[in-house]
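# Examination of the molecular architecture
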Amino acid sequence: METAEGRCCQQIRRSVQGRLQRADPAEHGRRREKRRRDRTVVLDDLEDGMAALKCEQPVEIAKMMYARIDRLARKEPKNGRSLDAVRADVLASLVLEEPRSAGSKALIQVAVPITALLGVDERPGQLDTGQLLPAPVVRDLMSHPGTVFHRLLTDPAGQLLEYSPGIYRPKAEVDRFIRTRHRTCVMPCCSHPSRSCDVDHAVAWPEGKSTGTNLGPLDRRHHRYKHATKAKVVIADDGTTTIETRWGQTYTTKPEPVEEPPF
């Protein structure tokens, strides 16, 4: 597959799955509905007095659940706990209906063709982490009270048309664009979702502006690594990111397209 060059195994797997789902959206919908009917909660015993509670849900529901857990966990004092441990405690609080479980509705991000929203065609929507949602599911989400839409205007090359490069922190529209273009941290083979990454300037501000060709998501660990080692980062017009380490090694990552080309 000619588009496999420069992509890691995880990106190729998502790409192949997306192509198959787009090739036969009706079959994708049927398979998804069958899996949805089989959703379950399973309790597995682990060692050392621990157990794992596994819940299978449609991906958009699971993402909303995780987003709410993560948001609440980040507001909790750690008290010596890791963030993962705090998430586990927050989940227990939510299920057991403890008072601190209250919180507002979580946010998920879906890129969707306007034609699918209008019912003109059945092109799928796509979550910020790459999974596809059948058009009927997207339209159902659209009907929920409180759903908010943001329009991202781009030129033919995929670059954002509306932004203010003269400020350090990118405007909300630019931030959404960057996190939509790059689903994960731009470091090679890093699968950390961009929604919880830092949006970093490839060329430090103010020499480098807050534009789509100078901004990319880096998780906190890789953000610190970049500055500590003075790694050189270059971002092309299409979002392709080249990272050169101080030891002379060069790595290139390409953002996964929102809409995969046909077979």
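Located above this text is the structure these notes cover.
Not measured: the values here are computed from a predicted model. (Residues numbered from 1 in each chain as written. Predicted model: local features only at pLDDT ≥ 70, side-chain atom pairs only at ≥ 80, totals over all residues. Heavy atoms only, no water.)

Angle between the axes and distance between the axes: these two values describe a pair of packed helices. Two numbers describe how helix α3 (residues 59-75) lies on helix α4 (residues 83-95): the axes approach to 9 Å, and their chain directions differ by 115 degrees. By the angle between their axes, α3 is roughly perpendicular relative to α4. In this structure, α3 meets α4 at a crossing whose hand is right-handed. Facing α3, whose interface residues are Y66, R68, I69, D70, L72, A73 and R74, α4 presents L83, V86, R87, V90, L91 and L94. Class assignment of the residues belonging to the contact of α3 with α4 gives a composition of nine nonpolar, no polar and four charged. (Axes fitted to C-alpha atoms, helices over the stretch in contact; angles between N-to-C directions. Helix = DSSP H or I, 4+ residues; strand = E, 2+ residues; numbered from the N terminus. Parallel < 35°, antiparallel > 145°, perpendicular 65-115°, else oblique. Left-handed = near helix turned anticlockwise from the far one by under 90°. Contact = heavy atoms within 4.5 Å. Nonpolar A, V, L, I, M, F, W, Y, C, P; charged D, E, K, R; others polar.)

We now examine the pattern of salt bridges. All chains considered together, the criterion is met by 15 salt bridges. Measuring nitrogen to oxygen at the nearest pair gives 4.0 Å for the salt bridge that ties E33 to R37. In this pair, E33 and R37 both sit in helix α2 (residues 25-37), four residues apart, roughly one turn of the helix. Taking the relative accessible area as the measure of exposure, E33 reaches 29% and is therefore partly exposed. What makes R37 exposed here is its relative accessible area of 54%. Measuring nitrogen to oxygen at the nearest pair gives 2.9 Å for the salt bridge that ties D70 to R87. In this pair, D70 sits in helix α3 while R87 sits in helix α4, placing the two residues 17 residues apart along the sequence. Across this residue pair, the class does not change: D70 and R87 are buried. Each of D70, R74, D84 and R87 takes part in one network of salt bridges that share partners. (Salt bridge = Lys/Arg side-chain N within 4 Å of Asp/Glu carboxyl O. Buried < 20%, exposed > 50% of the residue type's maximum accessible area, 1.4 Å probe, protein only.)

Pairing is antiparallel across the open sheet formed by three strands, whose spatial order is β3-β4-β5. Bordering the open sheet on either side are β3 (110-111) and β5 (132-133), each of which pairs with just one other strand. Pairing analysis gives two bridges linking strand β4 (residues 125-127) to β5, with the strands arranged antiparallel. The residue bridging G125 from the neighbouring strand is L133, located in β5. (Pairing = 2+ DSSP bridges.)

Pairing within the open sheet is antiparallel, and its three strands lie in the order β8-β9-β10. Unpaired on one side and paired on the other, β8 (232-235) and β10 (250-253) mark the two borders of the sheet. For this sheet the average axis-to-axis angle between neighbouring strands, irrespective of direction, equals 15 degrees. Inspection of the sheet shows strand β9 (residues 241-244) paired to β10 by four bridges, in the antiparallel sense. Across the sheet, residue T241 finds its bridge partner in β10, namely T253.

What follows concerns the state of the cysteines. For the structure on display, the rule yields zero disulfides. The closest cysteine sulfur to the non-disulfide-bonded C190 is located on C185, 3.9 Å from its own sulfur. Residue C190 is classed as buried on the basis of its relative accessible area, which comes to 12%. (Disulfide = S-S within 2.5 Å.)

So, on to helix α1 (residues 9-23). The end-to-end C-alpha separation of α1 is 21 Å, in line with the 21 Å expected for 15 residues at 1.5 Å each. Restricting attention to buried positions, one finds in α1 the residues Q11, R14, S15, G18, R19 and R22. The buried residues of α1 occupy an angular sector of 135 degrees when projected down its axis, which confines them to one face. In α1, those exposed residues whose orientation departs by more than 90 degrees from the buried face are C9, L20 and A23. Buried residues along α1 sit against α2, β4 and β5. (Expected span 1.5 Å × (residues − 1). Arc of directions from axis to C-beta.)

Let's shift gears to the environment of P134. Positionally, P134 belongs in the loop between β5 and α6 (135-142). Residues P134 and R32, spaced 102 residues apart in sequence, show a C-alpha to C-alpha distance of 8.6 Å. Not counting the four nearest positions on each side in its chain, P134 is found in contact with H28, G29 and R32.

Across the ten residues that make up helix α7 (residues 172-181), a large majority, seven, are buried. Within the sequence span of α7, burial applies to V174, R176, F177, I178, R179, T180 and R181. Where α7 is buried, its residues contact β3, β6 (198-201), β7 (215-218) and β8.

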